[in-house]
Amino acid sequence: MLFKKRYTKEEDSGAFAWKEKNKKYLNQVQRFLDAADSIEREEIRKNVITQMLKCDQILTQLAQNEIKKYKLKDE
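What you see is a predicted model, and the numbers here were worked out from it, not measured in a lab.

Trainee: Got a minute to help me understand the pattern of salt bridges in this structure?
Mentor: In this structure the tally under the stated criterion is 3 salt bridges. Of the charged contacts in the structure, one is a salt bridge between Lys19 and Asp56, with a shortest N-O distance of 2.7 Å. Note that Lys19 is positioned in helix α1 (residues 17-20) and Asp56 in helix α3 (residues 42-74), a separation of 37 residues in sequence. The exposure classification of Lys19 matches that of Asp56, with both residues buried. Residues Glu66 and Lys69 are paired through a salt bridge, measuring 3.3 Å at the closest nitrogen-oxygen approach.

Trainee: Teacher, can you tell me more about the side chain of Arg45 here?
Mentor: The residue Arg45 is located in helix α3 in this model. Of the side chains with opposite charge, Glu42 lies nearest to the buried Arg45, which makes no salt bridge, at 4.6 Å. Ignoring anything within four residues of it in the chain, the contact list for Arg45 reads Ala36, Asp37, Ile39 and Glu40.

Trainee: Help me understand helix α2 (residues 23-36) in this model?
Mentor: One turn of the α-helix equals 3.6 residues, which is why residues spaced by three or four share an orientation. Helix length check: α2, at 14 residues, gives a terminal C-alpha distance of 20 Å against a target of 20 Å (1.5 Å per residue), a fit within 8%. Regarding α2, the residues found buried are Tyr25, Val29, Leu33 and Ala36. Take α2 and look down its axis: the buried residues cluster within an arc of 65°, on one side only. With respect to the buried face of α2, the exposed residues turned more than 90 degrees away are Lys23, Lys24 and Arg31. Sitting at the head of α2, Asn22 places a side-chain oxygen 3.0 Å from the backbone nitrogen of Lys24.

Rules used in this analysis
Residues numbered from 1 in each chain as written. Predicted model: local features only at pLDDT ≥ 70, side-chain atom pairs only at ≥ 80, totals over all residues. Heavy atoms only, no water. Salt bridge = Lys/Arg side-chain N within 4 Å of Asp/Glu carboxyl O. Helix = DSSP H or I, 4+ residues; strand = E, 2+ residues; numbered from the N terminus. Buried < 20%, exposed > 50% of the residue type's maximum accessible area, 1.4 Å probe, protein only. Lys, Arg positive; Asp, Glu negative; His and termini not counted. Contact = heavy atoms within 4.5 Å. Expected span 1.5 Å × (residues − 1). Arc of directions from axis to C-beta. Polar contact = N/O pair within 3.5 Å; in protein donor to acceptor, adjacent residues only side chain to side chain.

Coordinates in, geometry out; function isn't part of it.
Rendered as structure tokens:
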């Protein structure tokens, strides 16, 4: 399965460019998705992938908030 960008909000489209340019991150996501492909039951596979993407979204938002705090601190 290829890693594809999906955004839920228009304003998010450029917000995570720092993460999407990180080769280590992309490699690990691809490895996860490749491993998830070996799950035979489609319902379970979709649930596992969906949950991982939810966790990733939360962690990314936390990182974005910390980056914003850091940038505001420097101003």
